[in-house]
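Coordinate analysis (summary)
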Amino acid sequence: MWLGTAAINLALAVMLGAFGAHGLKQMASAQQLEWWHTATQYFFWHALGLLMLGVLARTVPAFAVKTPFWLLQLGLIIFCGSLYLMALGLPRWLGAVTPVGGVTMIIGWLTLAWMAFKQS
């Protein structure tokens, strides 16, 4: 499940990046394109992180990745989703939600670090 979810995220990151570079370019402001670019960058890098967690789950089954994985996935949805929605013209108040996603991703990575230190 972990590898499949990561692979779907990576495919979505490529598709959304392509849409931003080609489809959105003609109808979005510079600010909206910047939001889209930021969302896509975070989406891609964190999806790679999720892929690494999936590989870790397969190679070291004793290392539990469930909590960090879901925190990162939720953070991705909130952070990137709010930026994508604003880039598509939805209200700017969604920007107030964006940091919640960022904090959720940070907590996910810190949870992974804590678990790694705990097992060493």
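Attention here is on the structure that accompanies the text. (Residues numbered from 1 in each chain as written. Predicted model: local features only at pLDDT ≥ 70, side-chain atom pairs only at ≥ 80, totals over all residues. Heavy atoms only, no water.)

1. Section: helix α1 (residues 2-23)
Threshold: By definition, any uninterrupted DSSP run of H or I lasting at least four residues is a helix, any uninterrupted run of E lasting at least two residues is a strand, and each is numbered from the N terminus. One less than the residue count of a helix, multiplied by 1.5 Å, gives the span that helix is expected to have. Burial classes follow relative accessibility: with a 1.4 Å probe on protein chains only, a residue under 20% of its type's maximum area counts as buried, one over 50% as exposed, and anything between as partly exposed. For this quantity, the arc is that covered by the directions from the helix axis to the C-beta atoms.
Under the 1.5 Å per step criterion, the end-to-end length of α1 is 30 Å for 22 residues, consistent within 8% with the ideal 32 Å. Listing the buried residues of α1 in full gives W2, T5, A6, N9, L10, A13 and G20. One side of α1 holds all its buried residues, which, seen down the axis, span an arc of 140 degrees. The exposed set on the far side of α1, more than 90 degrees from its buried face, consists of I8, V14, M15 and H22.

2. Details of helix α3 (residues 66-87)
In this model α3 runs 31 Å from its N-terminal to its C-terminal C-alpha over 22 residues, within 8% of the 32 Å that 1.5 Å per residue would give. At the C-terminal side of α3, G89 shows a positive phi close to 105 degrees.

3. Some words on a nonpolar patch on the surface
Test applied: Patch members must show over 30% relative accessible area and no salt bridge, and they are joined within 9 Å when carrying like charges or within 5 Å when they are nonpolar side chains of Val, Leu, Ile, Met, Phe, Trp or Tyr. Computed by Shrake-Rupley with a 1.4 Å probe, the accessible areas treat only the displayed protein chains as cover when residues are assessed. What counts as a salt bridge is simple: a side-chain nitrogen of Lys or Arg found within 4 Å of a carboxyl oxygen of Asp or Glu.
A surface patch of nonpolar side chains, about 470 Å² in accessible area, is lined by F19, M27, L85, L88 and L90. Take L90: its relative accessible area is 38%, and that puts it in the partly exposed class.

4. Notes on the packing of α3 against helix α4 (residues 98-119)
What counts is decided by this rule: Only the stretch in contact is used when fitting a helix axis, every axis being a line fitted to C-alpha atoms; angles between N-to-C directions are given from 0 to 180 degrees. Any angle between 65 and 115 degrees counts as roughly perpendicular, while under 35 counts as roughly parallel, over 145 as roughly antiparallel, and the rest as oblique. By convention, the crossing between two helices is left-handed when the near helix turns anticlockwise from the far helix through less than a right angle, and right-handed when the turn is clockwise. When checking whether two residues touch, look at their non-hydrogen atoms; a contact exists if any pair is within 4.5 Å. Amino acids outside the nonpolar list (Ala, Val, Leu, Ile, Met, Phe, Trp, Tyr, Cys, Pro) and the charged list (Asp, Glu, Lys, Arg) are all regarded as polar, and Gly is one of them.
Taken N-terminus to C-terminus, the directions of α3 and α4 make an angle of 160 degrees; their axes are 7 Å apart at the nearest point. Classified by the interaxial angle, the pair formed by α3 and α4 is roughly antiparallel. Handedness of the α3/α4 crossing: left-handed. Between α3 and α4, the contacting residues are T67, P68, L71, L72, L74, G75, L76, I78, F79, S82 and L83 on the first element and T98, V100, G101, G102, T104, M105, I107, G108, W109, T111, L112 and M115 on the second. Split by residue class, the contact of α3 with α4 holds 14 nonpolar, 9 polar and no charged.

5. Regarding the nonpolar core
Quick reminder of the rule: Throughout, nonpolar core names a set of buried Ala, Val, Leu, Ile, Met, Phe, Trp, Tyr and Cys residues whose side chains join them through atoms within 4.5 Å.
If you look at the biggest cluster of nonpolar residues, it comprises 27 residues, and the most contacted ones within it are L50, L53 and C80. Taken together, the elements giving at least two residues each to this core come down to α1, α2 (30-59), α3 and α4. Counting residues per element, this core draws most heavily on α3, at 9 residues. Excluding residues that lie within four positions of it along the chain, C80 makes contacts with A39, Y42, F43 and G75.

6. A word on the environment of A18
Among the structural elements, A18 can be located in helix α1. A18 sits in the partly exposed class, given a relative accessible area of 37%. On a C-alpha basis, the gap between A18 and M52 in space is 24 Å, while along the polypeptide they are 34 residues apart.

7. What to know about the packing of aromatic side chains
What counts here: Pairing of aromatic side chains requires ring centres within 6.5 Å, counting the rings of Phe and Tyr and the six-membered ring of Trp. Pairs whose planes differ by under 30 degrees are stacked, by over 60 edge-to-face, and all others tilted.
Scanning the model with the defined rule gives 8 aromatic pairs in all. Geometrically, the ring pair formed by F43 and Y84 is tilted, given 6.5 Å between the ring centres and 55 degrees between the ring planes. One end of the pair, F43, is in helix α2; the other, Y84, is in helix α3, and 41 residues separate them in sequence. Judged by its relative accessible area of 9%, F43 falls in the buried class. Assessed through its relative accessible area of 8%, Y84 is described here as buried. A connected cluster of aromatic rings, assembled from ring pairs, spans F19, W36, F43 and Y84.

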